[in-house]
Amino acid sequence: MAIRKIVTIPDEILNKKTQKIGDIDDDIKNTAQDLIDTVRVADEPEGAGLAAPQIGVSKRICVVRNFFEDPVNPNKVMADDIILINPKITHFSNEKEIDWEGCLSVPDVYGLVERSEKIKVTAKNLDGDKIKIKAEGFFARTIQHEIHHLDGILFTSKVEGKTLSQEQFDEMIEKEYSKQAL
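Attention here is on the structure that accompanies the text. Everything numeric here is computed off the predicted structure, so don't read it as measured data.

About the criteria used
- Residues numbered from 1 in each chain as written.
- Predicted model: local features only at pLDDT ≥ 70, side-chain atom pairs only at ≥ 80, totals over all residues.
- Heavy atoms only, no water.
- Helix = DSSP H or I, 4+ residues; strand = E, 2+ residues; numbered from the N terminus.
- Buried < 20%, exposed > 50% of the residue type's maximum accessible area, 1.4 Å probe, protein only.
- Contact = heavy atoms within 4.5 Å.
- Areas by Shrake-Rupley, 256 points an atom, 1.4 Å probe, with all protein chains shown as cover.
- Lys, Arg positive; Asp, Glu negative; His and termini not counted.
- Charge placed at Lys NZ, Arg CZ, Asp CG, Glu CD.
- Phe/Tyr/Trp six-rings, centres within 6.5 Å; stacked < 30°, edge-to-face > 60°.
- 1 Å grid on protein atoms, 1.4 Å probe; cavity = no way out; pocket = protein on both sides within 12 Å on 5 of 7 lines; lining within 4 Å.
- Points joined across faces, edges and corners; volume = space filled by probe spheres on them.
- Nonpolar A, V, L, I, M, F, W, Y, C, P; charged D, E, K, R; others polar.

**Examining the overall build of the protein chain**
In step 1: Counting its secondary structure elements, the protein chain contains 3 helices and 8 strands.
In step 2: Mapped in sequence order, the helices and strands of the protein chain form the string α-β-β-β-β-β-β-β-α-β-α.
In step 3: Dimensions along the principal axes, computed over C-alpha positions, put the protein chain at roughly 55 × 40 × 35 Å.
In step 4: Looking at the 182 residues of the protein chain, the share that counts as buried comes to 43%.
In step 5: For the protein chain, restricting intrachain contacts to residue pairs at least 6 apart in sequence, the fraction spanning at least 24 positions comes to 65%.
In step 6: Of the roughly 10,500 Å² of accessible surface on the protein chain, a fraction of 47% belongs to carbon and sulfur atoms.
In step 7: Taken together, the 25 basic and 33 acidic charged side chains of the protein chain have centroids lying 8 Å from each other.

Shown next as structure tokens:
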């Protein structure tokens, strides 16, 4: 459909809980395609997911990207784009993980956020069928991040410690890779 402009802070739509979706009509299907089109072109940084408020739509729908290694070319990363309508996390694991997060709606800011390592999610797909997903690791982190968007919660409210600018984050990553190379 269309690549949409990503809404950034301080836009108020990012702090509001979204409306539950009833009928999956053409408008919802178009929003889903816009989410997919928009997240696919996000490359600085690469988008791992995108929620409807991030494109100015206060509806309970998001896209999450499940990244995996290309079975033909192990040096290439591919992604399945999964639309979640009215998603709900039904189980959080007791195991937690703290890792770096950023957000397309909070440009050039990174912070450490604690998330459950494994989750179970129920949602509807674009056909209106109920789907269940078991997710772990980065995919689980992405789903939790996007559902927080649907609840009007930004990752910055969950950051442990200080946030880093893009420049500070890049410098930290560079230092880590330099240590590993030695």
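On we go.
**Looking at the packing of aromatic side chains**
In step 1: Going through the model one piece at a time under the given rule, you end up with 3 aromatic pairs.
In step 2: Here the aromatic rings of Phe67 and Phe138 are separated by 6.3 Å at their centres, their planes lie at 50°, and the arrangement is tilted. One end of the pair, Phe67, is in strand E2 (residues 61–69); the other, Phe138, is in helix H2 (residues 137–150), with 71 residues separating them in the sequence.
In step 3: The interplanar angle of 65° and the centroid separation of 5.6 Å between the aromatic rings of Trp100 and Phe169 together place this pair among those described as edge-to-face. In this pair, Trp100 is assigned in strand E4 (residues 96–103) and Phe169 in helix H3 (residues 166–181), connecting sequence segments 69 residues apart.
In step 4: Residue class for Trp100 comes out partly exposed when judged on its relative accessible area of 25%.
In step 5: Judged by its relative accessible area of 14%, Phe169 is buried.

**Examining the layout of surface pockets**
In step 1: Size it by volume and the largest pocket reaches roughly 470 Å³.
In step 2: If you go around the largest pocket, you meet 20 residues; those closest to its centre are Glu46, Ala48, Glu101, Gly102 and Phe138.
In step 3: Looking at the lining of the largest pocket, the elements with two or more residues in it are E4 and H2.
In step 4: Looking at the second largest pocket, its volume works out to about 180 Å³.
In step 5: Phe92, Glu114, Arg115, Gln144 and His148 are the residues nearest the centre of the second largest pocket, which is lined by 13 residues in total.
In step 6: At the level of elements, strand E3 (77–92), strand E5 (106–116) and H2 are the ones that each hand at least two residues to the lining of the second largest pocket.
In step 7: For the lining of the second largest pocket, the leading source of residues is E5, giving 4 residues.
In step 8: Taken together, the residues that form the lining of the second largest pocket break down as 4 nonpolar, 3 polar and 6 charged.

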